[in-house]
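Working through the structure, step by step
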Amino acid sequence: MSNGIVNWFKLASPYSFYPVAGKMQPWFWALAVLFGAAGLWISFFVAPTDATQGEGYRIIFVHVPASWMSMFIYLVMATWAGIGLALNTRLSGMMAQALAPTGALMAFLSLWTGAFWGKPMWGTWWVWDARLTSELILFFLYLGFIALQAAIDDPRRADKAGAILALVGVVNVPIIYFSVKWWNTLHQGSSVSLTKAPSMAQTMLWGMLLMALCFWMYSIAMTLKRVRTIILERESHTEWARKLAEVGA
Amino acid sequence: MNWGSPAEFFAMGGYALYVWGSFGVCAVAMLLEPILLGRRRRAILRSLRRHAIADRMDKESS
């Protein structure tokens, strides 16, 4: 394939993806910092005080992005896992493995910030409500995926076992997303509720979107960094890995 | 601007514990994760360097 089209199968080899990921990584870090700075500025200095929740509502600016990412990363992880099972490409398993810890962190942050928001507004850190419980299950699915992969010595078999777990667990994502509709929950419905004056809701929405973009870029940068490490760990027997400039031998 | 003074900003209208508890833990987690991963990366690079040196010594002695 030399007709100018990106050769995806060539990119799917760890050897060719390693330098590409290395080149992309700094851009995503820069974007994460940029969006984060803008998002934090709006979160604290532009977005006005909420009429009912006072300053406490500002937790939304980290809670919603973390929750979105926890669900989205799981979908991406399951997609890579599925591709790995179907096409038997080695990089897919590494991508799924690289995504899991960041996804678990996002699920944890979602639960943590949720607890810190629930305490002042609902009067409790935790309640066994459909939204909270299904998010907790998502956190456990990530931990299960990581533990299962760590427990199997052969990385290719670990990829396959992990992929099946990831795919089975996908059923939980729509349950989290629709839990506030399907069940009578304490958790509020839509997070982007525009019940206040439009100009007010607008700045809150912008703050949330910028913070979400920051979390996105952070997750991508983190995944690229981790997949590069995993590639080196799994390819440590190869000549090319040992001859890399950064090895410096 | 929402805040009259820095003290007012840090007090967060009485929600200081909850707001800073949320933002603080997020910030710490998102700083710690890349640092820990950096350690893991340096560890594999060290191991690769040792292997590369061993390879070279093998070739020289044979």
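Residues numbered from 1 in each chain as written. Chains lettered and ligands numbered in written order. Predicted model: local features only at pLDDT ≥ 70, side-chain atom pairs only at ≥ 80, totals over all residues.

1. Some thoughts on the overall build of chain B
Scanning chain B for helices and strands turns up 2 helices and 0 strands. Taking 2.2 N^0.38 as the reference for a compact globule, 62 residues should give roughly 11 Å; the C-alpha atoms of chain B span a radius of gyration of 24 Å, well beyond that estimate. Its C-alpha atoms give chain B principal-axis dimensions of about 75 × 20 × 15 Å. Per-residue burial over chain B gives 16% buried out of 62 residues. (Helix = DSSP H or I, 4+ residues; strand = E, 2+ residues; numbered from the N terminus. Rg over C-alpha atoms; globule rule 2.2 N^0.38 Å. Buried ≥ 20, exposed ≤ 12 C-beta atoms within 10 Å, placed from the backbone.)

2. What to know about the interface of chain A and chain B
Interfaces are often sized by the amount of accessible area the parts lose when they come together. If you look at the interface, chain A gives 33 residues, while chain B gives 28 residues. Contributions of two or more residues to the side of chain A that touches chain B are made by helix 3 (60-87), helix 4 (90-122), helix 8 (198-234) and helix 9 (239-242) of chain A. (Contact = placed C-beta atoms within 7 Å.)

3. Describing the confidence of the model for chain B
The predicted model of chain B has a mean per-residue pLDDT of 91, with 98% of residues at 70 or higher. Interface confidence for the predicted complex, given as ipTM, is 0.91, next to a pTM of 0.91. (pLDDT = per-residue confidence, 0-100.)

4. Overview of the environment of W240 of chain A
Mapped onto the elements, W240 of chain A comes out in helix 9. Separated by 20 residues in the primary sequence, W240 of chain A and I220 of chain A place their C-alpha atoms 25 Å from one another.

5. Brief notes about helix 6 (residues 155-169) of chain A
Residues and elements named next belong to chain A. In this model, helix 6 (15 residues) spans 21 Å end to end at C-alpha, consistent with the 21 Å of a helix rising 1.5 Å per residue. Here helix 6 has its buried residues at D159, G162, A163, A166 and G169. Projected onto a plane normal to the axis of helix 6, the buried residues spread over an arc of 130° and lie on a single side. Turned more than 90 degrees off the buried face of helix 6, the exposed positions are R157 and V168. (Expected span 1.5 Å × (residues − 1). Arc of directions from axis to C-beta.)

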